[in-house]
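Listed below are the residues making up each chain.
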Amino acid sequence: MSSIATTQPVSARPAVSFRTRLQDALPRIVLAPSFAITLVFVYGFILWTVYLSFTNSKTFPSYDLTGPRAYERLWRWTFESDPPSSWYTSIVNMGIFGFLYIFICLALGLLLAILLDQKIRGEGVLRPIFLYPMALSFIVTGVAWKWFLDPGLGLEQTLHQFGWTSFHFDWIKNKDFVIYTVVIAGVWQASGFIMAMFLAGLRGIDSEIMKAAQIDGASPFQLYRRIIIPLLRPVFLSAFIVLAHMAIKSYDLVVALTSGGPGGSAWLPSNFMYEYTFKRNEMAVGSASAVIMLMTISAIIVPYLYSELKEKAR
Amino acid sequence: MSSVASSAAGLAHHAHPGNRGRWINRVVIYSLLLIFAIFYLAPLFVMLVTSFKTMDEIQNGNMLALPQSPTFEPWVKAWGETCVGLTCAGIKGYFWNSIKMVVPAVAISTILGALNGYVLTKWRFPGHTLVFGLMLFACFIPFQSVLLPMATILGSLGRFGVTLQDATGFSFGFGNSTVNLVFVHVVYGLGFTTLFFRNYYEAFPTELVRAAQVDGAGFFQIFRRIMLPSSLPIIVVTVIYQFTNIWNDFLFASAYAGTGDAMPMTVALNNVVNTSTGVVEYNVNMAAAMIAAVPTLLVYILAGRYFVRGLMAGAVKG
């Protein structure tokens, strides 16, 4: 691509103006393909998905608009709790998973960061241990966790062998509890990363502030509660955004860990979308659920990005 | 940075009255850290030891025990013999599929990201914030919202490929699953790579670029001679980030190459693990999972610092 480099001296006069014009436009020409790709394959495709959600597409896309029937069905399913519809299960799971995943990751991440920030020997060994799950695919870690949580093989059996025979842990096979196993594996995967974010935040705090608090006689606990944690507010915000968006996007974890759980009881909306679109031939419903996912993420991300970019521009 | 931290932590120490309280405090901190370290290491440990055990030992032994007579058999079998769906030729072919997909996808998206970042910081034009904002938002969309249209487009490209094949005897990559996945990963990775380079070049002194311009250097010359030589850190960060993401992707892979010979590693692994016929060979499954994990683990071990930086850059925007 650099062979287009424009360094040859130009002799002919009309060419000069063309060359200058080209030179001026070059940056935009370079950026244009990427921007066009984004417009078409992101925004165009989103509109396409929105359009499909208003048709009655089944196995193949159909382009006759039939109104918001897919949304009406999803709306009806939202309240169909007995027996639960797949959509009801998916959004209830999303609520449970989203809340616990975000809350536990934040709490655990902060705790680990504070512990590591106590002038620990071996920090260089511990930090990578907490963080490596983030480098692995959910499919890989799902294999490990599946085995770990399997009543006949993993933790339960091991504790039985150690003599604790009354120990019972079959959440992964229980349709009411399977979503909590997804929380465990999800927290294991992401909390180390949140720890790294908090640790970076802690290390960025001005030591003068802490010295001042120290001189005023604050105990370590007070120091953290009153001064350090409030100072970490921007990190909390970033971590929350990251976690919320990862939670809504979670898909592979459910597939790898539970294959959807007994009767689809571990589904999240992302799994619902995939199954309805590609397996159950309900393309319009799948599209409508994708649109709802997108709107949920946008409600969180757009204000955040907007404020970030605005701040940057100032 | 770390000196600030240590002085801060040092301060926290002095606050403790008495040596005894401080000692207990230390013990509590170290035990907690140790317990958590075990929690984080346990799955990898179990995976690793199980992959070296015989089936006999797995059924009768303890999950946490070290293998009595370590065997490479499961690894050999996972690599070359285990069944993925109906074909029983191991996962090696799928491993190479992933490599063939990852290398071009990472290279192309990184180069485009570098150019985009360069334009968006050093050759600004009216509306550059909007352009960047739109590309940035693309990083956060749930891919479910583009999955179906992309499937439709890839389907028609595939039919076009067949036509080409009939007409010219060569499909030019149209309809090839690996090519499709490279394309998809480049398209949906552009936002991230652009973000990384933009934020990096933002801090790069614009005066240098202007000075080179005055000296008559052109757009690409400045990029090649001035920007690129100082971009190594961000290139490493971007390559690692993209490599990990694309290697680990499952959604696109299963939607666009979910069956057949072109499956990437993650899809093949999921198939191996979920094959329900016959006795489940846990040791082979674990070995296959380890093989799938090796590339990203290796990257993490060799360049963990850059890996973390990439995650941070993707998390803390602006």
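Please read all numbers here as calculations on a predicted model, not as lab measurements.

Observations regarding the interface of chain B and chain A
How big an interface is tends to be reported as the loss of accessible area on association of its parts.
Phase 1: Taken together, the contact between chain B and chain A spans 86 residues of the former and 97 residues of the latter.
Phase 2: A breakdown of the residues in the side of chain B that touches chain A according to their chemical character gives 61 nonpolar, 23 polar and two charged.

Some thoughts on unusual backbone geometry
Residues and elements named next belong to chain A.
Phase 1: In this structure, lysine 119 is a non-glycine residue whose phi angle is positive, near 60°.
Phase 2: Within the secondary structure, lysine 119 is located in the loop between helix H3 (86-116) and helix H4 (123-131).
Phase 3: At asparagine 281, a residue that is not glycine, the phi angle is positive and equals roughly 55°.
Phase 4: Classification of asparagine 281 as partly exposed rests on a count of 13 C-beta atoms within 10 Å.

Some words on the environment of threonine 259 of chain B
Phase 1: With respect to the element layout, threonine 259 of chain B can be found in the loop between helix H12 (251-256) and helix H13 (265-274).
Phase 2: Note: C-alpha distance between threonine 259 of chain B and threonine 54 of chain B (205 residues apart in sequence) is 30 Å.

Brief notes about the confidence of the model for chain B
Residues and elements named next belong to chain B.
Phase 1: Looking at chain B, pLDDT values average 84 and 92% of them are 70 or higher.
Phase 2: At the level of individual helices and strands, chain B shows its lowest average pLDDT in helix H1 (residues 2-14), which scores 43, and its highest in helix H5 (residues 92-122), which scores 93.
Phase 3: Overall, residues 1-16 carries pLDDT values under 50, and its contacts beyond four positions in sequence, including any with other chains, amount to 28 contacts.
Phase 4: As a predicted assembly, this complex carries a pTM of 0.86 together with an ipTM value of 0.83.

A look at the environment of isoleucine 184 of chain A
Residues and elements named next belong to chain A.
Phase 1: By the secondary structure assignment, isoleucine 184 is in helix H7 (residues 178-203).
Phase 2: Given 19 C-beta atoms within a 10 Å radius, isoleucine 184 is considered partly exposed.
Phase 3: With 39 residues separating them in the primary sequence, isoleucine 184 and tryptophan 145 have C-alpha atoms 9.1 Å apart.

Focus: the nonpolar core
Phase 1: Within the largest apolar cluster, 186 residues are counted, with the highest numbers of intra-cluster contacts made by Phe198 of chain A together with Ile91, Leu269, Ala288 and Ala289 of chain B.
Phase 2: Considering each element in turn, this core owes the most residues, 16 residues, to H7 of chain A.
Phase 3: If we ignore the near neighbours within four places in the chain, the residues touching leucine 269 of chain B are Ile139 and Val140 of chain A together with Ile91, Ala288, Ala289 and Ala292 of chain B.

As for the packing of helix H5 (residues 138-149) of chain A against H13 of chain B
The relative placement of two packed helices is expressed as an angle between their axes plus a distance between the axes.
Phase 1: Viewed as axis vectors pointing N to C, H5 of chain A and H13 of chain B meet at an angle of 20°, and their least axial separation amounts to 9 Å. Comparing the axis directions of H5 of chain A and H13 of chain B gives the class roughly parallel. As H5 of chain A packs across H13 of chain B, the resulting crossing turns out to be left-handed. On H13 of chain B, the residues that touch Ile139, Val140 and Val143 of chain A of H5 of chain A are Thr266, Leu269, Asn270 and Val273 of chain B.

Section: the domain arrangement of chain B
Residue and element names in this part refer to chain B.
Phase 1: Annotation of chain B at the domain level lists domain 1 (15-71) and domain 2 (90-315).
Phase 2: Counting residues at the interface gives seven residues for domain 1 and seven residues for domain 2.
Phase 3: Breaking the side of domain 1 that touches domain 2 down by element, the ones donating at least two residues are helix H2 (19-51) and helix H3 (55-60).
Phase 4: Per-element tally for the side of domain 1 that touches domain 2: the top contributor is H2, with four residues.
Phase 5: Among the residues forming the side of domain 1 that touches domain 2, the class breakdown is four nonpolar, two polar and one charged.

What counts and what doesn't
Residues numbered from 1 in each chain as written. Chains lettered and ligands numbered in written order. Predicted model: local features only at pLDDT ≥ 70, side-chain atom pairs only at ≥ 80, totals over all residues. Contact = placed C-beta atoms within 7 Å. Nonpolar A, V, L, I, M, F, W, Y, C, P; charged D, E, K, R; others polar. Helix = DSSP H or I, 4+ residues; strand = E, 2+ residues; numbered from the N terminus. Buried ≥ 20, exposed ≤ 12 C-beta atoms within 10 Å, placed from the backbone. pLDDT = per-residue confidence, 0-100. Core = buried A, V, L, I, M, F, W, Y, C linked by C-beta atoms within 7 Å. Axes fitted to C-alpha atoms, helices over the stretch in contact; angles between N-to-C directions. Parallel < 35°, antiparallel > 145°, perpendicular 65-115°, else oblique. Left-handed = near helix turned anticlockwise from the far one by under 90°. Domains from an automatic or database assignment.

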